[in-house]
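A closer look at the structure
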Amino acid sequence: MIVGAHVCGTEGDVSDDDAGTPPGRHEPGAGASASGDGLRRRRRRRLGWTGVGVAALAVAAVGAGWAVYTKLNGNITADEAAAAELARYEKERPTALVRGAQNVLVIGSDTRSGDANARYGRDDGTERSDTTILLHLSAGRDSATAVSLPRDLMVDVPGCRRPDGQRSQPVFAQFNYAYEVGGSACSVRTVEKLTGIRVDHHVVVDFQGFEKMVDALDGVEVCLREPVDDEAARLELPAGRVTLDGEQALGYVRARKSLGDGSDTDRMERQQHFLGALVNKVQSNDVLLNPVKLYPVLDAATSSLTTDPDLASLRGLYDLVRGLRDIPTERVQFLTVPRESYAGDANRDQLVEPDAEKLFTRLRTDEPVAVAAGTGSQAPDDAGKPTGSGDSPEPTFSGNTAAEDICE
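This write-up is about the structure you can find in this document. What you see is a predicted model, and the numbers here were worked out from it, not measured in a lab.

Reading the values: the criteria
- Residues numbered from 1 in each chain as written.
- Predicted model: local features only at pLDDT ≥ 70, side-chain atom pairs only at ≥ 80, totals over all residues.
- Heavy atoms only, no water.
- 1 Å grid on protein atoms, 1.4 Å probe; cavity = no way out; pocket = protein on both sides within 12 Å on 5 of 7 lines; lining within 4 Å.
- Points joined across faces, edges and corners; volume = space filled by probe spheres on them.
- Nonpolar A, V, L, I, M, F, W, Y, C, P; charged D, E, K, R; others polar.
- Axes fitted to C-alpha atoms, helices over the stretch in contact; angles between N-to-C directions.
- Helix = DSSP H or I, 4+ residues; strand = E, 2+ residues; numbered from the N terminus.
- Parallel < 35°, antiparallel > 145°, perpendicular 65-115°, else oblique.
- Left-handed = near helix turned anticlockwise from the far one by under 90°.
- Contact = heavy atoms within 4.5 Å.
- Disulfide = S-S within 2.5 Å.
- Buried < 20%, exposed > 50% of the residue type's maximum accessible area, 1.4 Å probe, protein only.
- Core = buried A, V, L, I, M, F, W, Y, C linked by side-chain atoms within 4.5 Å.
- Pairing = 2+ DSSP bridges.
- Expected span 1.5 Å × (residues − 1).
- Salt bridge = Lys/Arg side-chain N within 4 Å of Asp/Glu carboxyl O.
- Arc of directions from axis to C-beta.

**A word on empty space enclosed by the protein**
The probe, sized like a water molecule, is rolled over the atoms to show the empty space still left. On inspection of all chains with the given rule, the structure shows 2 cavities of 30 Å³ or more. Its boundaries defined by the atoms lining it, the largest cavity holds a volume of some 110 Å³. Every residue lining the largest cavity is counted, 15 residues in all, and those nearest its centre are Ala96, Leu97, Asn103, Arg198 and Arg364. Across the lining of the largest cavity, the residue classes tally to 6 nonpolar, 5 polar and 4 charged. For the second largest cavity, the calculated volume is near 60 Å³.

**Thoughts on the packing of helix α6 (residues 207–216) against helix α7 (residues 246–254)**
Interhelical geometry of α6 versus α7 gives an angle of 125° and a closest axis separation of 7 Å. With respect to α7, the element α6 is oriented oblique. Note that α6 runs across α7; the crossing there is right-handed. Residues Phe207, Phe210, Glu211, Val214 and Asp215 of α6 pack against Gly246, Glu247, Ala249, Leu250, Val253 and Arg254 of α7. Among the residues making up the contact of α6 with α7, the classes are represented as 6 nonpolar, 1 polar and 4 charged.

**Let's talk about the state of the cysteines**
Evaluated as defined, the whole model comprises 1 disulfide. Each sulfur in the disulfide pair Cys160 and Cys186 lies 2.1 Å from the other. Judged by the sign of its S-S torsion, about 75°, the cystine formed by Cys160 and Cys186 is right-handed. Highlighted residues: Cys160 in the loop between β5 (154–157) and β6 (171–174) and Cys186 in helix α5 (residues 177–195), separated in sequence by 26 residues. A residue is classified by how much of its surface remains accessible, and Cys160, at 1% relative accessible area, is buried.

**Focus: the nonpolar core**
Leu105, Val191, Val337, Leu359 and Phe360 are the most contacted members of the largest nonpolar core, which totals 32 residues. Looking at this core, the elements with two or more residues in it are α3 (80–88), β2 (102–109), β5, α5 and α11 (355–364). The leading source of residues in this core is α5, at 7 residues. For Leu105, the contacting residues outside a window of four places in its chain are Thr132, Ile133, Leu134, Leu149, Ser187, Val188, Val191, Val199, His201, His202 and Val203.

**Focus on the pairing of strand β8 (residues 220–224)**
The two faces of a sheet get side chains in turn, since along a regular strand they alternate between them. With respect to burial, β8 is a largely interior element, 4 of its 5 residues being buried. For β8 and strand β11 (residues 240–244), the ladder comprises 5 bridges, and the chain directions are antiparallel. Bridge pairing in β11 links Val220 to Leu244.

**Some points on helix α9 (residues 291–303)**
An ideal rise of 1.5 Å per residue puts 18 Å on 13 residues; α9 measures up with 17 Å between its terminal C-alpha atoms. Among the residues of α9, Val297, Ala300, Ala301 and Thr302 are the ones counted as buried.

**Quick look at the side chain of Asn75**
Structurally, Asn75 can be placed in helix α2 (residues 37–75). Relative accessible area serves as the criterion here: at 18%, Asn75 is assigned to the buried category. The contacts of Asn75, once residues within four sequence positions are left out, are Asp299, Thr302 and Ser303.

**A word on the packing of α6 against α9**
Axes are the key here: two packed helices are described by the angle between their axes and the distance separating the axes. Look at α6 against α9: their axes get within 8 Å of each other, and the N-to-C directions meet at 175°. The orientation of α6 relative to α9 falls into the category roughly antiparallel. Seen from α6, the contacting residues are Lys212, Met213 and Ala216; seen from α9, they are Pro296, Val297, Ala300, Ala301 and Ser303. Looking at side-chain class alone, the contact of α6 with α9 contains 6 nonpolar, 1 polar and 1 charged residues.

**Description of the environment of Asn103**
Looking at the secondary structure, you find Asn103 in strand β2. Residue classification places Asn103 among the buried positions, given a relative accessible area of 8%. If near-sequence neighbours (up to four positions away) are discounted, Asn103 is found in contact with Leu134, Leu135, His136, Ile197, Arg198, Val199, Asp200 and His201.

**Remarks on the environment of Arg162**
The topology assignment puts Arg162 in the loop between β5 and β6. Judged by relative accessible area, which is 31%, Arg162 ranks as partly exposed. A sequence separation of 20 residues divides Arg162 from Gly182, and the C-alpha atoms of the two residues are 4.9 Å apart.

**Considering the pattern of salt bridges**
Inspection of the entire model under this criterion finds 10 salt bridges. Across the pair Glu90 and Arg93 runs a salt bridge, and its minimum N-O distance is 3.7 Å. Note that Asp349 and Arg339 form a salt bridge whose closest N and O atoms lie 3.8 Å from each other. On the criterion of sequence distance, the pair formed by Asp349 in strand β15 (residues 345–351) and Arg339 in strand β14 (residues 339–342) is long-range, its members being 10 residues apart. Overlapping salt bridges, with partners in common, bring together Glu90, Arg93, Glu192 and Arg198 in one network.

**Description of helix α10 (residues 314–321)**
All of the buried residues in α10 are Leu314, Gly316, Leu317 and Leu320. Take α10 and look down its axis: the buried residues cluster within an arc of 165°, on one side only.

Here it is as structure tokens:
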């Protein structure tokens, strides 16, 4: 309305020469003159309608914007139960040490509930964390470090509230058991107990949500060192650069038997490379600055998210990520927590100390974390260990950045 009033009130006002002239009474020939009254009246009518049109478009845009905001805002599910459970244990949770730094626990759920997720397997009424990443955002928003936590890592899982309201007993078990027994709150408390790092926010995304987000981006390009033919993962892909759609991307990040050496180590590295490619796609495709491209991505992302209440709104998400688009891709880093085969079961993992504590300390205190690609000579159990000297004050961990291209 302001735009419309402005247009009509400047260009369309009656001039001093026209003041007091009765409508329809002009000097002969005036309407044909370039400066005649007829032309001025037509200009006033055109500008008047232009003002009304602009005003109408402005109102429509505001209305559409509010409708879009309301829809996207309503897509996000607030994890109120987890918030209540975490509040119950507030006194035992770590204290945040650096103002402005943020730690977000991103949980990929393997739930099969719902029609869309059921096609990935039988719904037995349980769900575990298929993938879990602790994302550290520096206080100055000049770096982002994503640390993969193996689902088979042996950890102390605290007593947690079960879905039926009963409470479990503390147990030493593999990490993904925490999500199965007590959902996101139990996962958060387990990570905090393991790392001493305060988890500020958590996000849970399921299979369907992951697929939809990749499709909304028109696929993500990855590099395959060799062809893939995996019926179980629904993948049949050539070697080289390949753009994966949502279903293919899900199979790619979850497959174990047909890609690499079949280990969870190899799978996590593949997930990290994919996330790096995803970051590149978002930045290079101007998604964040193009409403036409951004809306379907936001719609797909928000409709698949369950977050803590503080993040369960567009404003909450915006406040968290508004500075992330300025982080250079070489400062978006991925690594796996230092670990090795568990002494009691070679199919499980345990932390490598003091390497893991060095990593956790740097994240707690918001100190830079350096990563470098492995030499290729490391055994799977060595992945994630610092590659520098053990006494180095700034160890370099085995990992990669979003700027790396494994095809080159």
